[in-house]
Amino acid sequence: LTIGCRRLWALAACLLGSLSFVSPSYAETITIGAPIPITGPYSSDGEVMDKGERLAIDELNAQGGLLGQKLEYSVFDIGDLTPDKLQAAATDLIERKKVQVLINGYGGMGPDIPAFCPYPIPYINNDATSNVVELMEKMKCKSIFMGSDVDINYGRITFQQLMSLGYEFPNKKLAIIAGPYDWEINTTNGAREVAEKLGWEVVVNEQVPYDTKEWSGILSKIRAANPSLIYMELLDPASVNAMISQFHDNPSKQSLLYAGYSASVPAFGEIIKTGAADGVLGMTLSAQRPDDKGRAFAEKWKQKYNEEPPLSVAAQIYDEVMLWAAAVKKAGSATDYAAIAGALRDNPYDGITGVIKFNDKQYVTSSDETVPAQLLQVQGNGMKQVMIGTKKNVEFQTPPWIK
């Protein structure tokens, strides 16, 4: 009897050992790294990035995970997007925590490339700047993918969209206000390029620093020149809100006011609450499409966070997680990084923002067939942002200060 028991215990131990050997993946996890700006001037978008990644990860885990493995999530605060913060993110997320992918809305728009390029894991972002593409090419980054077009193209696209609003501009005078960084400089240069081809004259051209609180000097120049369009691109919502508030107090009576990407971020809601932004225009390069798929996403977001999804990076970062998951399924592994990169390059992903189709430089050329840039406007007596651009669902309204 004793010998028989010993044999049975040995057989059971053997069977258990065999089971653990053939199914190790059930005990493993896949970790997504998120180098995002939780603090600092970009924290308004950083909070949205975090929520978008968590929504996608929770959804995938509810479906059984990815390749039978549970997804985990690790955040690193990259703050003001400086090179030292990005290098620290690489050390923490890749070397220490061994994440299998990096996903963010934007990660420095330059410093993130030398920080992450030396590693084989995929890095998916929405930096949207020309210098990032140039760095990717120069450093031969095989696993970095930008799910957007580049800044100068967005300037060209949005100016053309503004010309297609159906609004009769009283003159062809243009005022340009730009921040000090690549996105702001290149986007306004793209708009200026198209404007001058169409016969417009730039009558005010100002570059301003972040944390600009006093706008009286620039606004005096604008009122004196009386342009039909003020085209502003400044990734500092507090400065943009201050400008709109001071413009509202004494507006240039003939000028449409376009506030660029900052008009899509949650922090823009502070100026919306005052009513001063009624009629102000802006843009987003990554909102959900106004179709059934986009509405289903918005409903999931509302159920989880009790709010409408912001029009900045909410849908885009959700799409980034999902397109990476689709590539992992195609590759059959979360760690075969070459196969995952190949799947990202060769398999367009039809997401809620549009069709993410990477070109040979591993970014997305914006168009109606891929991921379109969309104009926004504050409407409803200044209390909500609505999409009026490509695939619009709401008509443009003449701002209340224009008589």
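As the structure is a prediction and not an experimental result, all values here were calculated from the model.

## Considerations on the packing of aromatic side chains
Here comes step 1: A complete count under the given rule lists 15 aromatic pairs for this structure.
Here comes step 2: Aromatic pair Tyr 42 and Tyr 210: ring centres 6.4 Å apart, planes at 65°, arrangement edge-to-face. Residue Tyr 42 is found in the loop between β1 (29-36) and α2 (43-62), and its partner Tyr 210 is found in the loop between β7 (201-207) and α8 (216-225); the two are separated by 168 residues along the sequence. Taken as a pair, Tyr 42 and Tyr 210 share a single burial class, namely buried.
Here comes step 3: Geometrically, the ring pair formed by Phe 297 and Tyr 318 is tilted, given 5.1 Å between the ring centres and 55° between the ring planes. Note that Phe 297 is positioned in helix α11 (residues 292-305) and Tyr 318 in helix α12 (residues 314-331), a separation of 21 residues in sequence.
Here comes step 4: Residue classification places Phe 297 among the buried residues on the basis of a relative accessible area of 1%.
Here comes step 5: The class of Tyr 318 is buried, set by a relative accessible area of 5%.
Here comes step 6: Feature note: the residues Phe 159, Tyr 167, Phe 169, Trp 200 and Phe 396 constitute an aromatic cluster, connected by ring pairs.

## Section: the pairing of strand β2 (residues 70-77)
Here comes step 1: Of the strand pairs in this sheet, β1 and β2 are connected by eight bridges, and their pairing is parallel. Across the sheet, Thr 31 pairs through a bridge with Glu 72, a residue of β2.
Here comes step 2: Crossover handedness for the path β1 to α2 to β2: right-handed.

## Some remarks on the sheet that holds β2
Here comes step 1: Read across the open sheet, the five strands follow the order β2-β1-β3-β4-β5; overall the sheet is parallel. A strand with exactly one partner marks an edge of an open sheet, and here the two such strands are β2 and β5 (144-146). Looking at each pair of strands side by side, their axes are set apart by 20° on average, direction ignored.
Here comes step 2: Packed on one face of the sheet, helix α3 (residues 83-96) meets β1, β2 and β3 (101-103) and runs near 150° to β2.

Rules behind the numbers
- Residues numbered from 1 in each chain as written.
- Predicted model: local features only at pLDDT ≥ 70, side-chain atom pairs only at ≥ 80, totals over all residues.
- Heavy atoms only, no water.
- Phe/Tyr/Trp six-rings, centres within 6.5 Å; stacked < 30°, edge-to-face > 60°.
- Helix = DSSP H or I, 4+ residues; strand = E, 2+ residues; numbered from the N terminus.
- Buried < 20%, exposed > 50% of the residue type's maximum accessible area, 1.4 Å probe, protein only.
- Pairing = 2+ DSSP bridges.
- Right-handed = clockwise from strand over helix to strand, strands pointing away.
- Axes fitted to C-alpha atoms, helices over the stretch in contact; angles between N-to-C directions.
- Contact = heavy atoms within 4.5 Å.

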